[in-house]
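Secondary and tertiary structure notes
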Amino acid sequence: MFTSFQPVHYGNSLMSIGISVLVIVVAALNLFLDFDQIEKGAEKQLPKYMEWFGAMGLMITLVWLYVAFLRLLSTISSRD
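Residues numbered from 1 in each chain as written. Predicted model: local features only at pLDDT ≥ 70, side-chain atom pairs only at ≥ 80, totals over all residues. Heavy atoms only, no water.

Description of the environment of leucine 31
Relative to the elements of secondary structure, leucine 31 occurs in helix 1 (residues 14-43). With 27 residues separating them in the primary sequence, leucine 31 and leucine 58 have C-alpha atoms 6.9 Å apart. Leaving out residues up to four positions away in the same chain, leucine 31 has contacts with Leu58, Thr61, Leu62 and Leu65. (Helix = DSSP H or I, 4+ residues; strand = E, 2+ residues; numbered from the N terminus. Contact = heavy atoms within 4.5 Å.)

Following this line, the structure appears as structure tokens:
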């Protein structure tokens, strides 16, 4: 019973595809938050070193979105 446990988001079921789409939507919405943070930082004229926080957040979000999209494509292509 405990040795064959497989989470719902693994495999190529419709539930797995739905979860992947939900993750992509959340990552895409997070891009809006990153750009808003960068814009507000520029308006408030934050110190120069704070640009790295915006750039790093944006880069992490883009990588997250890319990996989630590749996972979705992999799940869809492995469906029978």
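Resuming the write-up.
Observations concerning helix 2 (residues 51-77)
In a regular helix each residue adds 1.5 Å, so 27 residues correspond to 39 Å; helix 2 covers 39 Å between its end C-alpha atoms and thus fits that length. Residues of helix 2 that are buried: Gly54, Leu58, Thr61, Ala68, Leu72 and Thr75. Lining the buried residues of helix 2 we find helix 1. (Expected span 1.5 Å × (residues − 1). Buried < 20%, exposed > 50% of the residue type's maximum accessible area, 1.4 Å probe, protein only.)

Some words on unusual backbone geometry
The backbone of glutamine 45 sits at a positive phi, close to 50°, despite the residue not being glycine. Of note, glutamine 45 is situated in the loop between helix 1 and helix 2. With relative accessibility at 69%, the residue glutamine 45 sits in the exposed group.

Concerning the pattern of salt bridges
Considering all chains together, one arrives at 2 salt bridges under this definition. Linking aspartate 36 and lysine 40 is a salt bridge whose minimum nitrogen-to-oxygen distance equals 3.4 Å. With aspartate 36 and lysine 40 both in helix 1 and 4 residues apart, the pair spans about one turn of that helix. On the basis of relative accessibility, which here comes to 44%, the residue lysine 40 falls in the partly exposed class. (Salt bridge = Lys/Arg side-chain N within 4 Å of Asp/Glu carboxyl O.)

Structural notes on the environment of aspartate 34
Relative to the elements of secondary structure, aspartate 34 occurs in helix 1. Among the residues examined, aspartate 34 registers a relative accessible area of 8% and is labelled buried. Between the C-alpha atom of aspartate 34 and that of phenylalanine 53, which follows or precedes it by 19 residues, the distance is 9.7 Å. Of the polar contacts made by the side chain of aspartate 34, one reaches the side chain of threonine 61; its length is 2.5 Å. (Polar contact = N/O pair within 3.5 Å; in protein donor to acceptor, adjacent residues only side chain to side chain.)

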